[in-house]
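Coordinate inspection notes
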Amino acid sequence: QVRLVESGGGLVQAGGSLRLSCASSERTFSSYSIAWFRQAPGKEREFVAAITWNSDATYYADSVKGRFAISRDNTKNTVALQMNSLKPEDTAVYYCAAKYYRSKDYPNPNEYEYWGQGTQVTVSS
């Protein structure tokens, strides 16, 4: 089973930046596509961004395009989510998720086999 640990969450002012990290000790980490989801109180979990196992493609929700960037370093078993120009609407618990299945249905949370515990991101206005 793949263990994922998120870090980097915190409090930031609107317009600021924050960098989240998803780390894994899984030896086959490079074989998994990784995605970030978020969930705000009273809201359903929503897709944020995803990156393929070999970094040949990235996918973003329309709400974060141009502001967020996902990247990975398979030599360090980490995936980062750089968040710029943050807005109060970005406030949520952010989860890292991994899937082995080779599909392009990245926004679907049911595609993902493993999930981290989440890290809180709060953007003040």
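Residues numbered from 1 in each chain as written. Predicted model: local features only at pLDDT ≥ 70, side-chain atom pairs only at ≥ 80, totals over all residues. Heavy atoms only, no water.

Tallied over the full model, the rule gives 4 salt bridges. For glutamate 46, the salt bridge identified is with arginine 38, shortest N-O distance 2.8 Å. The class for arginine 38 is buried, based on a relative accessible area of 4%. Across the pair aspartate 62 and lysine 65 runs a salt bridge whose closest N-O atoms are separated by 3.2 Å. (Salt bridge = Lys/Arg side-chain N within 4 Å of Asp/Glu carboxyl O. Buried < 20%, exposed > 50% of the residue type's maximum accessible area, 1.4 Å probe, protein only.)

Moving on, we come to the environment of leucine 18. With respect to the helices and strands, leucine 18 occurs in strand S3 (residues 18-24). With a relative accessible area of 15%, leucine 18 lands in the buried category. For the pair formed by leucine 18 and valine 123, sequence separation is 105 residues and the distance between their alpha carbons is 9.8 Å. Excluding anything up to four places from it in sequence, leucine 18 contacts Gly8, Gly9, Gly10, Leu81, Gln82, Met83, Leu86 and Val121. (Helix = DSSP H or I, 4+ residues; strand = E, 2+ residues; numbered from the N terminus. Contact = heavy atoms within 4.5 Å.)

So, on to the side chain of glutamate 111. As for its position among the elements, glutamate 111 is in the loop between strand S9 (92-99) and strand S10 (114-115). For the buried glutamate 111, which has no salt bridge, the nearest side chain bearing the opposite charge is lysine 99, at an N-O separation of 4.4 Å. Of the polar contacts made by the side chain of glutamate 111, one reaches the side chain of serine 103; its length is 2.7 Å. Not counting chain neighbours up to four residues away, the residues in contact with glutamate 111 comprise Lys99, Tyr101, Ser103 and Asp105. (Lys, Arg positive; Asp, Glu negative; His and termini not counted. Polar contact = N/O pair within 3.5 Å; in protein donor to acceptor, adjacent residues only side chain to side chain.)

Glancing now at the side chain of arginine 38. Positionally, arginine 38 belongs in strand S4 (residues 33-39). A distance of 2.8 Å separates polar atoms of two side chains, one belonging to arginine 38 and the other to glutamate 46. A polar atom in the side chain of arginine 38 sits 2.9 Å from the side chain of tyrosine 94. Once residues within four sequence positions are removed from consideration, arginine 38 is found in contact with Glu44, Arg45, Glu46, Val48, Ser63, Val64, Phe68, Glu89, Asp90, Ala92, Val93 and Tyr94.

This brings us to the sheet that holds strand S7 (residues 68-73). If you trace the 4 strands from one edge of the open sheet to the other, you get S1-S3-S8-S7, paired in antiparallel fashion. The strands lining the two open edges of the sheet, one partner per strand, are strand S1 (4-7) and S7. Neighbour to neighbour, the strand axes of the sheet diverge by 15° on average, direction disregarded. As paired strands, S7 and strand S8 (residues 78-83) are joined by 6 bridges and run antiparallel to one another. Among the inter-strand pairings, isoleucine 70 is bridged to a residue of S8, identified as leucine 81. (Pairing = 2+ DSSP bridges. Axes fitted to C-alpha atoms, helices over the stretch in contact; angles between N-to-C directions.)

These figures capture arrangement, not role.
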